[in-house]
Amino acid sequence: DGGGKKQSSSSKKRKTFERDNTDSSPRKKNHLNSIEGLTISQREKRAMELLATHLEECGGERSQSNNFRCKVIQRPGGRYDSVFFSVENKRFKSMVDVARFLNLADDRPGSGGGSRTNSRGSSRGQKDSEKKKLKRELDKLLKLHTKAIK
């Protein structure tokens, strides 16, 4: 038993190490380099610009971002979180949440928006979450089936 645990933890370490050293996403690296060394107020301004662009991509208008403000918080590990607030002080953890609030996007699993997201082309993360959801559903059905035949 103890040997299996060691192998799984070392394989996790290997996966993490391989993930850190891959050059598969140059856009992400450029993004990280472009924001390195920015002050919190500069990060907040940049987040607002990105929000305006995101709302526009979702079918809204850039001006809709004027109804929100952004607060950037540095976490203990050195990472930064952007939090958006509406005029009514409603808190949003992401740009996607803001777009949902404005009825521009509805990408939540099980919300009936699946055909719409598939017509746009699903990202890898969306496909993975859909696979997980289907696997859970299949496991549930198999469990019910085995109970029924006993």
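Conventions and cut-offs
- Residues numbered from 1 in each chain as written.
- Predicted model: local features only at pLDDT ≥ 70, side-chain atom pairs only at ≥ 80, totals over all residues.
- Heavy atoms only, no water.
- Helix = DSSP H or I, 4+ residues; strand = E, 2+ residues; numbered from the N terminus.
- Contact = heavy atoms within 4.5 Å.
- Pairing = 2+ DSSP bridges.
- Phe/Tyr/Trp six-rings, centres within 6.5 Å; stacked < 30°, edge-to-face > 60°.
- Buried < 20%, exposed > 50% of the residue type's maximum accessible area, 1.4 Å probe, protein only.
- Lys NZ or Arg CZ within 6 Å of the ring centre and 35° of its normal.
- Salt bridge = Lys/Arg side-chain N within 4 Å of Asp/Glu carboxyl O.
- pLDDT = per-residue confidence, 0-100.

What follows concerns the environment of K71. Note that K71 resides in strand β1 (residues 68-74). Spatially, the C-alpha atom of K71 lies 9.7 Å from that of M48, the residues being 23 residues apart in sequence. Setting aside anything within four residues of it in sequence, one finds K71 in contact with E44, D81, S82, V83 and F85.

Sheet topology places β1 next to strand β2 (residues 80-86); seven bridges connect them, and they run antiparallel. Each residue of the ladder has a partner; that of R69, found in β2, is F85. Taking the residues that link successive antiparallel strands as the turn, the β1-β2 hairpin has five residues, and the phi of G78 there is positive, at about 95°.

Another point: the packing of aromatic side chains. Geometrically, a pair of aromatic rings is defined through the distance of the ring centres and the angle of the planes. A full pass over the atoms with the stated rule returns three aromatic pairs. Relative to F92, the ring of F68 lies with its centre 5.8 Å away and its plane at 70°, an arrangement referred to as edge-to-face. With F68 in strand β1 and F92 in strand β3 (residues 91-92), the pair connects residues that are 24 residues apart, well separated along the chain. Residue classification places F92 among the buried positions, given a relative accessible area of 5%. When the ring of F92 is compared with that of F101, the centres are 4.9 Å apart and the planes differ by 55°; the resulting orientation is tilted. Under the relative-accessibility criterion, F101 is labelled partly exposed at 36%. An aromatic cluster is present here, built from F68, F92 and F101 joined pairwise through their rings. A cation sits over an aromatic face here: R43 above Y80, 3.7 Å from the ring centre.

With that settled, the discussion passes to the pattern of salt bridges. With the rule as written, the count across this model stands at four salt bridges. Across the pair R75 and D81 runs a salt bridge, and its minimum N-O distance is 3.6 Å. On the basis of relative accessibility, which here comes to 36%, the residue R75 falls in the partly exposed class. Between K135 and D139 there is a salt bridge, with the nearest N and O atoms lying 3.3 Å from each other.

This part takes up the confidence of the model for the protein chain. In this model, the protein chain carries a mean pLDDT of 75, and residues with pLDDT of at least 70 account for 64%. Per-element averaging of pLDDT across the protein chain places helix α5 (residues 114-120) at the bottom with 43 and β3 at the top with 94. Note on residues 4-12: pLDDT under 50 across the span, and zero contacts to partners over four residues away in sequence or across chains. When the criterion is pLDDT under 50, residues 15-33 qualifies, and its contacts beyond four places in sequence or with other chains add up to three contacts.

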